[in-house]
Every structure is written in structure tokens, then in C-alpha cells.
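Listed below are the residues making up each chain.
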Amino acid sequence: MAKQKLVVLTGAGISAESGLKTFRDSNGLWEGYNVYEVATPRGFKANPALVLEFYNQRRKDVAQAQPNAAHIGIAALEKYFDVTIITQNIDDLHERGGSTNVLHLHGEIFKMRSVANSTKTYHIKGDINLGDLAEDGSQLRPFIVWFEEEVPMIEVAAAVVAEADIFVVVGTSLQVYPAAGLIDIAKPSIPKFIIDKKIPYTSSLQNIAMIEKTASEGIAELTELLIYKK
Ligand code: APR
């Protein structure tokens, strides 16, 4: 029998237990920076060196972080379900946790692109500095979807969510669109779960269970519910 399609939307909260900071738990500051200075095209234009340095540091942080029990627990669900992860995170902790099907909505910290071309990407482990050019002769920048930029993967993600048999949301404040709107695309009849330390507001949805726990505790509980109490 074909496995059921389990779709998991994740945000910064799933990587919190790996030591990576979330965005909105610290008063609009992200690692001490104003989000709009470091995560908008405007900010990059105003001070490209600062923005490159900011992401160089994030890349180092991610390289040092390890997947936690939530990442690993979701990967383990592949034994029972056809799992697709849609993550807003730029880290690679889902992949390192063993998940094989991960769609990144907001880009990836270990990739870069030229300022002139949003689709061709290159792997990067070290730093990007001002003056580092792509083959097309323009400045390299991180492959990150900033505020005010389009989210090219959203249509693929929406199609995946529309086909889901079970939909799970973990560790996102659901404040940033279009990602936050994905929950409304899931079929009304399917089971939905929200796992978060502090459950975010959602408009009234059918068949939704709230698990107000940390990501690792919540994924353990979800696994119990889905597998052992079926
Ligand atoms: N376990 C579970 N949930 C947690 C934990 C934890 N240990 N720690 C924090 N959270 C929850 C918070 O309660 C909050 O609901 O994780 C969520 C984090 O929300 P945000 O910081 O807003 O992160 P996210 O929703 O991923 O942000 C979306 O905004 O800045 C942009 O592009 C960036 O992808 C990001 C997007």
C-alpha cells in the first residue's frame, strides 16, 4: 500500500534546540541586528559588506550546530510515511538529521548566487566578501530569500500541501507570508497538528490539534500519536 503523504512545515523554532536563534523571540532583532538591515534588498544596497558579514557569521553558526531530536524524529517518520518537509529555515539541519525530501522556501545558507541571477546557485562553505564575483561578472550574495523578494518555491510548496494526507507545522510564528498561508491550502478533512513552545494564532481550521511543547518533545508526541496509537 502506498504510504500516506505527511507534509511538515517548519520554522526557526525547530532549530532552537540546536542553538540557532529564532527571529521573533528577541524583539525584532536577529542576533542583535535589525532584520530589515540584514534581510532586505534595501539593506544589502545600503551596506553590502555588513550583510555579507552577517550571513558569513550565520554560515559559521549553522556549520557548528547539530540536528536535534526534532529533526531526527521527523526523518525517522520516513519509515512510515511519504514525508515532505517545507522549511522556512536556511540551515541544513533537516538534511543532516536524515530527511531526504526537503524544500527550502527562503533559501539555503550553504548556497550563493549572483546579484543579477536569482536561479543559478553555487555551493559555499566559507565566506562571501565584497568584490567576490560570479561567472556573470556580478557580485555574489547569499542564496537567501529576503523580505520584499519573491518566494519562487511557494507554488511547488502549495501543490505539495494540497496533496497532503497529514499536515504538521513545527516552530513557526506563522507571521511571514506566503509561507504562513500554506496551512489554509491543506484539505479541510485531513488531520493537522501545530507543535510550538507557544502556539501561534491561526484562523479557525478544522481537524487541528495543538501540541504546546518544544519541537523535540512535540515530535516525540506526534510520533506516538501517528504510529503507536493508530
Ligand atoms: N520548540 C518549538 N517551538 C519553538 C522553540 C522550541 N524550542 N523555540 C521557539 N519556538 C517557536 C516560537 O514560539 C515561535 O512561534 O518558534 C517560532 C519561531 O518564530 P519566528 O522566530 O517568527 O520564526 P519563523 O516563523 O521561522 O520566521 C519566518 O521570517 O525572518 C523571516 O525568513 C525568515 O524564515 C524566516 C521567517
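In the block above lies the structure referred to throughout.
Residues numbered from 1 in each chain as written. Predicted model: local features only at pLDDT ≥ 70, side-chain atom pairs only at ≥ 80, totals over all residues. Heavy atoms only, no water.

(A) Expanded view of the packing of aromatic side chains. Applying the stated criterion to the full structure yields 5 aromatic pairs. A ring pair is formed by Tyr33 and Phe54, whose centres lie 5.0 Å apart and whose planes are at 70°; its orientation type is edge-to-face. Linking Tyr33 in strand 3 (residues 33-34) with Phe54 in helix 3 (residues 48-64), this pair joins segments that are 21 residues apart in sequence. Residue Phe54 is classed as buried on the basis of its relative accessible area, which comes to 1%. With 5.0 Å between their ring centres and 90° between their planes, Phe54 and Tyr55 make a pair best called edge-to-face. Residue Tyr55 is classed as buried on the basis of its relative accessible area, which comes to 1%. What links up through ring pairs into an aromatic cluster is the set Tyr33, Phe44, Phe54, Tyr55 and Trp146. The aromatic ring of Phe54 is capped on one face by Arg58, whose charged end is 4.5 Å from the ring centroid. The ring of Trp146 carries Arg141 above its face, with NZ or CZ at 3.8 Å from the centroid. (Phe/Tyr/Trp six-rings, centres within 6.5 Å; stacked < 30°, edge-to-face > 60°. Helix = DSSP H or I, 4+ residues; strand = E, 2+ residues; numbered from the N terminus. Buried < 20%, exposed > 50% of the residue type's maximum accessible area, 1.4 Å probe, protein only. Lys NZ or Arg CZ within 6 Å of the ring centre and 35° of its normal.)

(B) Quick look at the environment of Val115. Among the structural elements, Val115 can be located in the loop between strand 6 (107-114) and strand 7 (117-123). With 28 residues separating them along the chain, Val115 and Phe143 place their C-alpha atoms 9.5 Å apart. With residues up to four places along the chain from it excluded, the contact list for Val115 reads Phe44, Ser138, Gln139 and Arg141. (Contact = heavy atoms within 4.5 Å.)

(C) Representation of the sheet that holds strand 5 (residues 102-104). The strand order 5-4-1-9-10-11 describes an open sheet built from 6 strands, whose pairing is parallel. For this open sheet the edge positions go to strand 5 and strand 11 (208-211), each flanked by a neighbour on one side alone. Put simply, the sheet's adjacent strands are angled 15° from each other on average, direction ignored. Sheet analysis places strand 10 (residues 192-195) next to strand 11, joined by 4 bridges and oriented parallel. Bridge pairing in strand 11 places Lys192 opposite Ile208. In the packing of helix 7 (residues 215-228) onto the sheet, contacts are made with strand 1 (5-10), strand 9 (166-170), strand 10 and strand 11, and the angle to strand 10 comes to roughly 155°. (Pairing = 2+ DSSP bridges. Axes fitted to C-alpha atoms, helices over the stretch in contact; angles between N-to-C directions.)

(D) The pattern of salt bridges, seen in detail. The final tally for this structure, using the stated rule, is 7 salt bridges. Here Lys111 and Glu108 are joined by a salt bridge, their closest N and O atoms 3.1 Å apart. An identical accessibility class is assigned to Lys111 and Glu108; each is buried. For Lys213, the salt bridge is made with Glu221, and the minimal N-O distance between the two is 2.5 Å. (Salt bridge = Lys/Arg side-chain N within 4 Å of Asp/Glu carboxyl O.)

(E) Molecular detail of helix 3. Over its 17 residues, helix 3 extends 25 Å from the first C-alpha to the last, a length consistent with the 24 Å expected when each residue adds 1.5 Å. Turning to helix 3, its buried residues are Val51, Leu52, Phe54, Tyr55, Asn56, Arg58, Arg59 and Val62. (Expected span 1.5 Å × (residues − 1).)

(F) Quick look at the packing of helix 4 (residues 69-76) against helix 7. It is the contact of helix 4 with helix 7, at a shortest axis distance of 8 Å, that shows an interaxial angle of 25°. Classified by the angle between their axes, helix 4 and helix 7 sit roughly parallel to one another. In terms of crossing hand, the pair formed by helix 4 and helix 7 is left-handed. Listed contacts from helix 7 to Ala69, Ala70, Gly73 and Ile74 of helix 4 are Ala215, Ser216 and Ile219. Per-class residue counts for the contact of helix 4 with helix 7 are 5 nonpolar, 2 polar and no charged. (Parallel < 35°, antiparallel > 145°, perpendicular 65-115°, else oblique. Left-handed = near helix turned anticlockwise from the far one by under 90°. Nonpolar A, V, L, I, M, F, W, Y, C, P; charged D, E, K, R; others polar.)

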